[in-house]
Each structure stands twice: as structure tokens, then as C-alpha cells.
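Chains, contacts and geometry: an overview
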Amino acid sequence: MDLILWRHAEAEEIPEAELDAHRDIERKLTSRGEKQAARMAEWLDRQLPGSTRILASPARRCEQTALALGRKFKTRTELAPGATPGELLELVQWPLSKTPMLVIGHQPMLGQAIAQLLGLIESDCAIKKGALWWLRTRERDGQMQTVVVTVQSPELL
């Protein structure tokens, strides 16, 4: 199974005192974030198999990041801010799905899922805004393994 985890691009900051769940979900991309999303989407569009299912958090910044790719996607509440790695992995049916999955979501959930899948000692892995991690399962010597296919950052594209 291929699982591509894409963190939303840079979004507006809201002062902590004004931040609540409703305001957070409505935060939109900055102009820099729009450029990050467009750069990553251009690269990603050339790499993704046509059969890839795309799922995004219902947060506005994630939807805007997904729209930059120009492909059909579905928003899923299981990917909203505050979601857990377990919810993400259950949603994408890791590692059993035969369909490549692209998930556009948030920290710390994405980083926690990566740490879990790679068996890292730390419980979280930092992911830059707009960056993605492409993971793949494979069987080797009777054991299932998670392999890092690539890690991409919009600043390096």
C-alpha cells in the first residue's frame, strides 16, 4: 500500500486568545501557503497514480491545499484537527488497502502516524507546512515493513 501524508500549506495565524475550534477550521492559506501548495501539487500530480484516492481534513486550509492538485477529493471529519493516528490509519485501511491513498491533514496527527509506522522512538515526527511523506508497505522475509519512498518539501521543488 502507498500512503502519502501531505501537511497543509502555510495558513493564517490567529492570536491564541481568539482561537477556537470554529475559527481554526476556517483559517485559510496565506499567499505563501498558496504558492507552497501549488509547487507541491505540480510535483505530486506527475507522481501520483491515477487510481489514488484523496482524502482531506474539512479545515479550509486543507481543502485549499487539495484544490491546488486539481483532482477530486473527499473531506473526512476523521482528519479534522485533533484527530488521532489511529483514526487516520483506520480510515485509509493501512496496510491492507490496494489503492494508493493521499491524506491532506494536520500536525501533530500526521507526524504521530509517521512515527508509529516507522517504529520511531519518539512519538512524533516534525513535518514542515506544505511538505509530504510517501510511505509504502512491503513484505520482506515474511515480515511487513514500512518503507519511506520520498519526503518532499515545497521549498526544495
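Just above sits the structure.
All values derive from a computational prediction rather than experimental measurement.

Along the polypeptide, I4 turns up in strand β1 (residues 2-7). Residue I4 is classed as buried on the basis of its relative accessible area of 0%. In this structure, the C-alpha to C-alpha distance between I4 and W134, residues 130 residues apart in sequence, is 4.3 Å. If we ignore the near neighbours within four places in the chain, the residues touching I4 are L44, L48, M101, L102, V103, L132, W133 and W134.

Interhelical geometry of helix α2 (residues 31-47) versus helix α3 (residues 60-69) gives an angle of 45° and a closest axis separation of 8 Å. Classified by the interaxial angle, the pair formed by α2 and α3 is oblique. Both α2 and α3 take part in a crossing whose hand is right-handed. For the pair α2 and α3, the contacting residues are E34, A37, A38, A41, L44 and D45 in the first and Q64, T65, A68 and L69 in the second. Partitioned by chemical class, the residues of the contact of α2 with α3 number six nonpolar, two polar and two charged.

Looking only at helix α4 (residues 85-92), the buried set comprises P85, L88, L89, L91 and V92. Buried residues of α4, seen end-on, are gathered within an arc of 160° and therefore sit on one face of the element. The inward-facing, buried residues of α4 abut β1, β2 (53-56), β4 (101-105) and α5 (109-118).

On to the pairing of β2, then. Summarising the sheet, β2 and β4 pair through four bridges and their orientation is parallel. What sits directly across from L55, in β4, is V103. Where β2 lies against strand β3 (residues 74-75), two bridges are found, and the strand directions are parallel. Within the sheet, the bridge partner assigned to L55 lies in β3 and is K74. Of the crossover connections in this fold, the one passing from β2 over α3 to the parallel β3 is right-handed.

We now examine α3. Taken together, the buried positions of α3 are occupied by R61, C62, T65, A66 and L69. Looking straight down α3, one finds that the buried residues subtend no more than 140° of arc, so they occupy a single side. Looking at the residues trailing α3, positive phi occurs at G70, about 75°.

Next up on the list: the packing of α4 against α5. Two numbers describe how α4 lies on α5: the axes approach to 8 Å, and their chain directions differ by 75°. When the axes of α4 and α5 are compared, the pair comes out roughly perpendicular. Together, P85, L88 and L89 of α4 and M109, L110, Q112, A113, Q116 and L117 of α5 make up the contact between the two elements.

Cut-off values and rules
Residues numbered from 1 in each chain as written. Predicted model: local features only at pLDDT ≥ 70, side-chain atom pairs only at ≥ 80, totals over all residues. Heavy atoms only, no water. Helix = DSSP H or I, 4+ residues; strand = E, 2+ residues; numbered from the N terminus. Buried < 20%, exposed > 50% of the residue type's maximum accessible area, 1.4 Å probe, protein only. Contact = heavy atoms within 4.5 Å. Axes fitted to C-alpha atoms, helices over the stretch in contact; angles between N-to-C directions. Parallel < 35°, antiparallel > 145°, perpendicular 65-115°, else oblique. Left-handed = near helix turned anticlockwise from the far one by under 90°. Nonpolar A, V, L, I, M, F, W, Y, C, P; charged D, E, K, R; others polar. Arc of directions from axis to C-beta. Pairing = 2+ DSSP bridges. Right-handed = clockwise from strand over helix to strand, strands pointing away.

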